[in-house]
Amino acid sequence: MRQAIMLSPGVIEHREVQEPGQLLGNEVLLRIKKIGICGSDVHVYHGKHPATPYPVVQGHEYSAIVEKVGKSVVKALPGMKATGRPQLVCGECGPCKRGQYNACQKLKVQGFQAPGVAQDLFVISEDRLVVLPDSMTFEQGAIVEPAAVGAHSTGRASDLKGKNVVVSGAGTIGNLVAQFAKVRGARKILITDVSDYRLDIARQCGIEATLNITKTSFEEGVRSFFGDEGFQVGFEAAGVQISLDVLMKHMEKGGELIILGVYSRNPIVNMFYLGEHELNVYGSMMYRHEDYEQAAEMISSGKIITAPLLTKSFPFENFTDAYKFIEQQGDKTMKVMIDL
Ligand SMILES: NC(=O)c1ccc[n+]([C@@H]2O[C@H](COP(=O)([O-])OP(=O)(O)OC[C@H]3O[C@@H](n4cnc5c(N)ncnc54)[C@H](O)[C@@H]3O)[C@@H](O)[C@H]2O)c1
Ligand SMILES: [Zn+2]
Ligand SMILES: [Zn+2]
């Protein structure tokens, strides 16, 4: 079968490898159809991911068809559409024992610290399998992963019902966070970015209120949209200092701040201000299985809109071209996929 392996930053080799052998009872053999590329993959491509050794087989957001199932598998039958959660966890550490396995002390993510799915066939254990409805496209199936990030992060703080929310950053993640905030009954949602292209996509996905902070200041935009109500919850999905600063500075006292961003430069936080305003800060790390299932359900029911997020697909053989395209297009791309 075909496999794409990144030997060193920027160098992808296509090679023939042996197909997986006999399945264990709880294992499922998947035929990979589409693989999404995200910012973390791009960091690996550039040699700038802090926790990925080479060589590495990439691919952690994907859709597939079930090819074969082990003897004890009950969730799926051959021919069904599916995706899988890429987290390998120990099951024994404190976080794992209390069900917070997304923050496992020994977490390995497939495509980074363990081999990913950039090959024709891939084996996963049934507990990480999510069966997708037949009506779902393979593109939608590959967006379940980032959508699950939206599902998880919007469940981190208190109930969003009736709250006013700002999502800072309208990349794929911010977009899906904002859409999930809507699903969870937030009252008013404002999404901000520095790119009109990305804010336009947010509007196409049903997030009507957008703010380009290079044209109107964050403070002014927030005041004119929320008025005296202000906002109570902020999601930091840009991964830059200034985005964190404005969320903290302008949210209501006692507000909640959920951190999604991965910061290439460690931000400085005014802890006195944070304490004095009794702000609550929550980390958010990937997702758990129920987030994956909910993401699949919301995409399938049309409550989460994905079509505007899809920029372009590249054939498997042209994996490197996908990265070159992302480099050239800059902020004019959202989700680029590899088609097997
Ligand atoms: N916590 C998690 O589980 C998790 C999972 C996936 C990705 N991430 C991280 O979440 C962040 C967003 O991911 P993405 O794939 O959407 O990345 P992205 O780079 O596509 O999106 C970031 C967006 O922020 C915008 N931006 C830049 N400066 C801004 C500012 N001052 N105010 C508002 N917006 C600004 C950019 O224009 C861009 O549209 C990244 O840091 C990524 O590493 C976290
Ligand atoms: Zn990703
Ligand atoms: Zn663990």
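Above this text you will find the structure in question.
These remarks concern the structure in this document.

**Some details on the coordination of the zinc ion (ligand 2)**
Here is step 1 of the chain: Taken together, Cys38 (SG), His60 (NE2) and Glu61 (OE) make up the protein donors of the zinc ion (ligand 2), found 2.1 to 2.3 Å from the metal.
Here is step 2 of the chain: Mapping the donors of the zinc ion (ligand 2) onto the primary sequence gives the spacing C-x21-H-E. Of the two residues, Cys38 is situated in the loop between strand S3 (27-37) and helix H1 (39-45) and His60 in the loop between H1 and strand S4 (61-69); the sequence distance between them amounts to 22 residues. The exposure classification of Cys38 matches that of His60, with both residues buried.

**Thoughts on empty space enclosed by the protein**
Here is step 1 of the chain: Using the criterion set out here, one finds one cavity of 30 Å³ or more in the structure.
Here is step 2 of the chain: Empty space within the largest cavity amounts to approximately 30 Å³.
Here is step 3 of the chain: Around the largest cavity sit Ala4, Ile5, Met6, Ile12, Val56, Gln58 and Phe319, which together line it.
Here is step 4 of the chain: Ranked by residues supplied to the lining of the largest cavity, first place goes to strand S1 (residues 2-8) with three residues.
Here is step 5 of the chain: Grouping the amino acids of the lining of the largest cavity by side-chain chemistry returns six nonpolar, one polar and no charged.

**Looking at the coordination of the zinc ion (ligand 3)**
Here is step 1 of the chain: Distances from the zinc ion (ligand 3) to its protein donors, Cys90 (SG), Cys93 (SG), Cys96 (SG) and Cys104 (SG), fall at 2.3 to 2.4 Å.
Here is step 2 of the chain: Viewed at the metal, the four donor atoms of the zinc ion (ligand 3) are separated by angles of 104 to 119°, and the geometry they form is tetrahedral.
Here is step 3 of the chain: Written as a sequence motif, the donor arrangement for the zinc ion (ligand 3) is C-x2-C-x2-C-x7-C. Pair noted here: Cys90 is in the loop between strand S6 (87-88) and helix H2 (94-97) and Cys104 is in the loop between H2 and strand S7 (108-109), with a separation of 14 residues, a long-range link.

Reading guide: rules and limits
- Residues numbered from 1 in each chain as written.
- Chains lettered and ligands numbered in written order.
- Predicted model: local features only at pLDDT ≥ 70, side-chain atom pairs only at ≥ 80, totals over all residues.
- Heavy atoms only, no water.
- Donors = N, O, S within 2.8 Å, 3.2 Å for Na, K, Ca; no water.
- Helix = DSSP H or I, 4+ residues; strand = E, 2+ residues; numbered from the N terminus.
- Buried < 20%, exposed > 50% of the residue type's maximum accessible area, 1.4 Å probe, protein only.
- 1 Å grid on protein atoms, 1.4 Å probe; cavity = no way out; pocket = protein on both sides within 12 Å on 5 of 7 lines; lining within 4 Å.
- Points joined across faces, edges and corners; volume = space filled by probe spheres on them.
- Nonpolar A, V, L, I, M, F, W, Y, C, P; charged D, E, K, R; others polar.
- Tetrahedral: all angles 85-135°; square planar, octahedral: opposite > 155°, others 65-115°.

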